[in-house]
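Topology and contacts: notes
Letter by letter, the chains look like this.
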Amino acid sequence: MARPRLLVVSMSLPVTAKRTGEESWSFTMSPGGLVSALLGLKEFETKWIGWPGVDVHDAIGKKTLSITLAEKGCIPVFLEEVCDQYYNGYCNNILWPIFHYLGTPPEYRNDATITYQSQYEAYKKANQIFFDVVKEHYEEGDVVWCHDYHVMLLPQYLKEYNSKMKVGWFLHTPFPSSEMYKTLPSRSDLLRSVLTADLVGFHTYDFARHFLNACMCILGVEATSEGIVDQGKVTRVAVFPIGIEPERFINTSELSEVVQYMKKFKNDFGGRKLILGVDRLDTIKGIPQKYQAFEKFLEENAEWRGKVMLLQIAVPTRNGIGEYQKIKDQCHYHVGRINGRFGSISSVPIIHLDCSIDFNQLCALYAITDVLLVTSLRDGMNLVSSEFIACQKAEKGVLILSEFAGAGQSLGAGAILVNPWNIKEVSSAIGEALNMSHEEKERKHKINFQYVKTHSTQQWADDFMKLTLTNILCSKLIEITTSAELGAGLAATLELPEHDVIQQYSKSNNRLLILGFYGTLTQPMKNQERRGDGMNLELHPQLKERLKELCSDPKTTVVVLSRSEKCILDKNFGEYNMWLAAENGMFLRHTSGEWVTRIPEHMNLEWIDGVKHVFKYFTERTPGSYLETSEASLVWNYENADAEFGRAQARDMLQHLWAGPISNASVDVVRGGQSVEVHAVGVTKGSAMERILGEIVHNKSMATPIDYVLCIGCFLGKDEDVYTFFEPELTKKAKSLSSSGSDSPKKVSSTIVDLKGENYFSVAIGQTHTKARYFLDSSDDVVKLIGKLCTHNNA
Ligand SMILES: O=P(O)(O)OC[C@H]1O[C@H](O[C@H]2O[C@H](CO)[C@@H](O)[C@H](O)[C@H]2O)[C@H](O)[C@@H](O)[C@@H]1O
Ligand SMILES: O=c1ccn([C@@H]2O[C@H](COP(=O)(O)OP(=O)(O)O)[C@@H](O)[C@H]2O)c(=O)[nH]1
């Protein structure tokens, strides 16, 4: 199938035009991440529709500019008199600050005729002008991709014109919490328009969640697993973080001209360590905060004075807005002050440049930088971070990255994450980065380089196309709800009275042993040795013979009850005479028979794909973490990841799970020590016991009731109900099995179990805070205990 043509619509074209004669034009690249990212789109036939960065009022000018731009695949939108109130006004002085949590500044120019309403009118008019141009160039089958907050009304105009048009809208900035968004007077109109698109995309789950929340709170629409549903129309909401075109940076940084620049700059900087900042001179980029943190660093680390410098490229932007002029003055004030304080005749600590720089020079700077300092107070993504990583050469630099940049979620594992408002923290991070060992720098770089290489702009656009053109997105959807976590407060537990365990064992005639696998029958594992994908779980070697012996005793029934999949239990226990309960009892078999499932037919598993997408997203962004999937449960495990980052990612993930694919699903979410598990409701080991017991009784000729139960496990909190299942006061539940339906056992005495306090032992491994009566330290103790039970058999 031929690929559809892509019509990219954004406020700015990738090039900014300058008139050099009546019919002649010159061009420079437009600033900002959106442009540099979209330039990486190579595999689609793309037409770019946007403002050329200049007002053109005469027909000849418009015509000649259109012709020249057409050669570059660009179509100009002439905004004329609405441009100022639209771009400087509504877009950048109203929407931008609200979207970045700065609130709304009172005015952008001192002019009483400029009101909120007049700016919104200009916004509507401008969106109408964009619409007219798209309409003129649209061909059937084209996909129209609208970018950013400048064109939020465009989807509606397009859909009203042609409901069959495929329209996407992607936001490059944060979408703020609904509490902030609500302050916008035209909040409903903008949301309604965006929702007419087929696909709405964001850089991070947080932004998507805020958006959905705003839609629900403000419009009262429903968020379901299908997306936002409004009067039967579904708008899909997806998270697909933008990337860069890595090869462009890697290849450029190898050019001889760039290598020359590198040498020259190093020479110019006189051997000082280089801290680099590259930002548009925007209020959100936190440049004054960066200067204050650097000042603090110099203040507290006198030994570094004269040995380190901060080079800040402050790319001019939105000069027509008062706030942007103020921020420039603020920066200059800090630079002057700090240079005056810590400078010397031969050097100053800060070089601040109010200009953009040539691409080759930029790559050379990235390549020789020791520390890239990103202190955005809010940032949609921040591509500078990725560009820096792509350009790094032999001596790897360190990325200090604001946790308020979208990039924090993707590059956090290989960066030092900071709160840019915390000057002291940023100052310490500078120290940490400058003193970091070569090995640690390499390690961090490797993690992020791998990510940047594989998450390119092209992949981002492919995702968009795939999602727009097909309907496979359901699993990427996010809904809103509140977050919650499981927790349990439990009573104290005693050390296992081994003597009693053996004595009762010898007295009994019909014993049931319920054993967990991971951590119970495996060798004790240190964190770093833990399983990677669950496939290499192995039975403790010293248990092999003992277990065989135990299982061959006709008075003893052994059940291994595990979270593992069937194949793992088959592999490890297939040769023993025992019962296997896989996936927390979802599947059951005696080793002499086939597996049977206990997934109830009506069990809804629609949530699985959505959860898997969220898990995959975080797996990709949390090096060392992995995903375990089975038919009715999913586990994201971060035991091999950086502990702190893993925990932070798990926190985020939980929010998104609750806010998304599981908001209305019948699932349990279990937060383990270093894992997050989602499974269908009721899939706990305890709930499995009833069924297991039924099967055992059904299959085994029981002349006497079960008069001894030993249940040992290293279970998650939610599975601890297995310990209470057999508590004597609960045996009514088990007893009732004997009289229930056609499945009821044929040969059974009046009761199935006959447990009193003294012949029931529930044992947790390595846990004293548990529902089990007793604890053992490790699986080595289980080996010893089972050995003693076998000795008893032989006695
Ligand atoms: O065109 P300007 O008004 O000068 O602004 C430049 C761009 O700034 C914003 O960029 C955002 O997009 C980047 C790529 O997704 C992202 O990394 C960054 O965090 C954002 O701030 C704006 O959203 C663009 O529309 C502007 O073109
Ligand atoms: O002199 C310069 C320095 C940087 N950049 C580019 O500006 C973009 C900044 O993107 P980012 O996502 O970091 O932030 P944004 O400016 O879009 O908010 C990056 O691609 C930089 O390479 C630029 O165009 N001119």
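These numbers come from a predicted model, not from an experiment.

This part takes up the overall build of the protein. Within the protein, the secondary structure is distributed over 27 helices and 30 strands. Looking at the protein as a whole, 58% of its 795 residues qualify as buried. Of the contacts made within the protein by residues no fewer than 6 positions apart, 74% connect residues no fewer than 24 positions apart. Split by element, the accessible area of the protein, about 31,900 Å² in all, is 49% carbon and sulfur.

To continue, consider the domain arrangement of the protein. Split into domains, the protein comes out as domain 1 (3-237), domain 2 (245-447), domain 3 (497-599 + 682-726 + 746-792) and domain 4 (604-678). The C-alpha-based centres of domain 2 and domain 3 are spaced at 57 Å.

It is worth spelling out the nonpolar core at this point. Residues Leu79, Tyr86, Phe211 and Phe573 are the most contacted members of the largest nonpolar core, which totals 136 residues. Per-element accounting of this core gives the leading share, 10 residues, to helix α3 (residues 83-99). Those residues in contact with Leu79 that lie beyond four places of it in its chain are Met11, Trp51, Tyr86, Ala126, Ile129 and Phe130.

Within the open sheet, the 6 strands sit side by side as β14-β13-β12-β15-β16-β17. Their pairing is parallel. Each end of this open sheet is capped by a strand with a single partner; those strands are β14 (350-353) and β17 (416-418). When the angles between neighbouring strand axes are averaged without regard to direction, this sheet yields 20°. Relative to strand β16 (residues 398-402), strand β15 (residues 371-374) runs parallel, the two sharing 4 bridges. Counterpart to Val371 in the pairing with β16 is Val398.

What follows is about the site of ligand 1. Every one of the 22 residues lining ligand 1 counts as a neighbour, but Tyr87, Asp148, His172, Asp379 and Met381 are closest to it. Within the side chain of Tyr87, a nitrogen or oxygen atom sits 2.5 Å from an oxygen atom of ligand 1. Interatomic distance of 3.2 Å between a side-chain N/O atom of Arg280 and an oxygen atom of ligand 1. Coverage of ligand 1 by the protein chains reaches 96% of its 560 Å² of free accessible surface.

Our focus in this paragraph is the packing of helix α13 (residues 359-368) against helix α14 (residues 383-391). Orientation of α13 relative to α14, taken along the N-to-C sense of each, is 75°, at an axis distance of 8 Å. One finds that α13 runs roughly perpendicular with respect to α14. Along its contact with α13, which presents Leu362, Cys363, Tyr366 and Ala367, the element α14 presents Val384, Glu387, Phe388 and Cys391. Counted by class, the contact of α13 with α14 contains 7 nonpolar, no polar and 1 charged residues.

Time to look at the layout of surface pockets. Approximately 930 Å³ is the volume found for the second largest pocket. Glu403, Gly408, Leu417, Ala648 and Asp652 are the residues nearest the centre of the second largest pocket, which is lined by 33 residues in total. Put simply, the parts of the chain that give the lining of the second largest pocket at least two residues each are α8 (205-219), α15 (407-411), β17, α17 (438-454) and α23 (643-659). Looking at the lining of the second largest pocket element by element, the count peaks at 7 residues for α23. Class assignment for the residues of the lining of the second largest pocket results in 12 nonpolar, 7 polar and 14 charged.

Okay, unusual backbone geometry next. Of note in this structure, Glu80 is not a glycine but carries a positive phi near 45°. Here Glu80 shows up in the loop between β5 (74-76) and α3. Residue class for Glu80 comes out partly exposed when judged on its relative accessible area of 22%.

The local shell around ligand 2 holds 15 residues, among which Gly33, Ser36, Arg280, Ile357 and Glu387 are the closest. Here Lys285 contributes a side-chain N or O atom positioned 2.8 Å from an oxygen atom of ligand 2. Within the backbone of Leu383, an N or O atom sits 2.9 Å from an oxygen atom of ligand 2. When ligand 2 sits alone it has 540 Å² of accessible area, and the protein chains cover 87% of it. With 3 residues, α14 is the single largest residue contributor to the shell around ligand 2. When its residues are assigned to classes, the shell around ligand 2 shows 7 nonpolar, 5 polar and 3 charged. In this structure, the shell around ligand 2 is formed jointly by two domains, domain 1 (3-237) and domain 2 (245-447), each of which donates at least three residues.

This next bit is on the packing of α14 against α17. The N-to-C vectors of α14 and α17 enclose an angle of 110°; their axes lie 9 Å apart at closest approach. If you check the angle between α14 and α17, you find them roughly perpendicular. On α17, the residues that touch Ser386, Ile389 and Ala390 of α14 are His445, Asn448, Phe449 and Val452. Looking at the contact of α14 with α17 residue by residue, the class counts come to 4 nonpolar, 3 polar and no charged.

With that out of the way, let us pick up the side chain of Asp282. Of note, Asp282 is situated in the loop between β12 (273-280) and α11 (287-300). At 3.3 Å, the side chain of Asp282 forms a polar contact with the side chain of Trp96. Contact partners of Asp282, with chain neighbours within four places excluded, come to Trp96, Thr317, Arg318 and Tyr324.

The next thing to look at is the confidence of the model for the protein. Chain-level statistics for the protein give a pLDDT mean of 87 and a share of 90% at 70 or above. The low-confidence segment residues 471-491, where pLDDT is below 50, has 70 contacts with residues more than four positions distant or belonging to other chains. Here residues 738-750 is modelled with pLDDT under 50, and outside its nearest four sequence neighbours on either side it reaches 18 contacts, counting other chains as well. Reported confidences for the modelled complex are a pTM of 0.72 and an ipTM of 0.98.

Let us now look at the environment of Gly660. Here Gly660 lies in the loop between α23 and β26 (667-671). A C-alpha to C-alpha distance of 24 Å links Gly660 and Met152, two positions 508 residues apart in sequence.

Another point: the pattern of salt bridges. Counting across every chain of the model gives 36 salt bridges. Between Arg5 and Asp142 there is a salt bridge whose closest N-O contact spans 2.7 Å. Pair noted here: Arg5 is in the segment before β1 (6-12) and Asp142 is in the loop between α4 (116-137) and β6 (143-147), with a separation of 137 residues, a long-range link. Overall, Arg5 belongs to the buried group, its relative accessible area being 12%. What makes Asp142 buried here is its relative accessible area of 4%. A network of salt bridges, in which partner residues are shared, links Glu295, Lys296, Glu299, Glu300, Arg337, Arg341 and Lys424.

For the rest of this paragraph, the subject is the environment of Trp51. Its place among the elements puts Trp51 in strand β4 (residues 46-51). According to the relative accessible area criterion, Trp51 is buried, its value standing at 12%. Once residues within four sequence positions are removed from consideration, Trp51 is found in contact with Ser10, Met11, Ser12, Leu13, Val77, Leu79 and Cys83.

This brings us to the sheet that holds strand β18 (residues 494-495). Strands sit in the order β18-β30-β29-β28-β19-β20-β21-β22-β23 across an open sheet of 9 strands; the sheet is mixed. Each having just a single partner strand, β18 and β23 (596-597) make up the two edges of the open sheet. Bridge analysis of strand β28 (residues 708-713) against strand β29 (residues 760-765) gives 5 bridges, and the strand direction is parallel. The partner of Val709 across the bridge, within β29, is Tyr760. Contacting β19 (511-515), β20 (556-561), β28 and β29, helix α19 (residues 498-507) crosses the sheet at an angle of about 140° to β28. Here helix α20 (residues 544-552) sits on the sheet and contacts β19 and β20; the angle it forms with β20, its principal contact strand, is near 130°.

A word on the pairing of β28. With 6 of its 6 residues buried, β28 lies for the most part within the structure. By the alternation rule, side chains of β28 split into Tyr708, Leu710 and Ile712 and Val709, Cys711 and Gly713, which are all buried. Judged from the 5 bridges that link them, β19 and β28 form a sheet pairing that is parallel. The partner of Leu513 across the bridge, within β28, is Leu710.

Conventions used here
- Residues numbered from 1 in each chain as written.
- Chains lettered and ligands numbered in written order.
- Predicted model: local features only at pLDDT ≥ 70, side-chain atom pairs only at ≥ 80, totals over all residues.
- Heavy atoms only, no water.
- Helix = DSSP H or I, 4+ residues; strand = E, 2+ residues; numbered from the N terminus.
- Buried < 20%, exposed > 50% of the residue type's maximum accessible area, 1.4 Å probe, protein only.
- Contact = heavy atoms within 4.5 Å.
- Areas by Shrake-Rupley, 256 points an atom, 1.4 Å probe, with all protein chains shown as cover.
- Domains from an automatic or database assignment.
- Core = buried A, V, L, I, M, F, W, Y, C linked by side-chain atoms within 4.5 Å.
- Pairing = 2+ DSSP bridges.
- Axes fitted to C-alpha atoms, helices over the stretch in contact; angles between N-to-C directions.
- Near = heavy atom within 4 Å.
- Polar contact = N/O pair within 3.5 Å; in protein donor to acceptor, adjacent residues only side chain to side chain.
- Parallel < 35°, antiparallel > 145°, perpendicular 65-115°, else oblique.
- Nonpolar A, V, L, I, M, F, W, Y, C, P; charged D, E, K, R; others polar.
- 1 Å grid on protein atoms, 1.4 Å probe; cavity = no way out; pocket = protein on both sides within 12 Å on 5 of 7 lines; lining within 4 Å.
- Points joined across faces, edges and corners; volume = space filled by probe spheres on them.
- pLDDT = per-residue confidence, 0-100.
- Salt bridge = Lys/Arg side-chain N within 4 Å of Asp/Glu carboxyl O.

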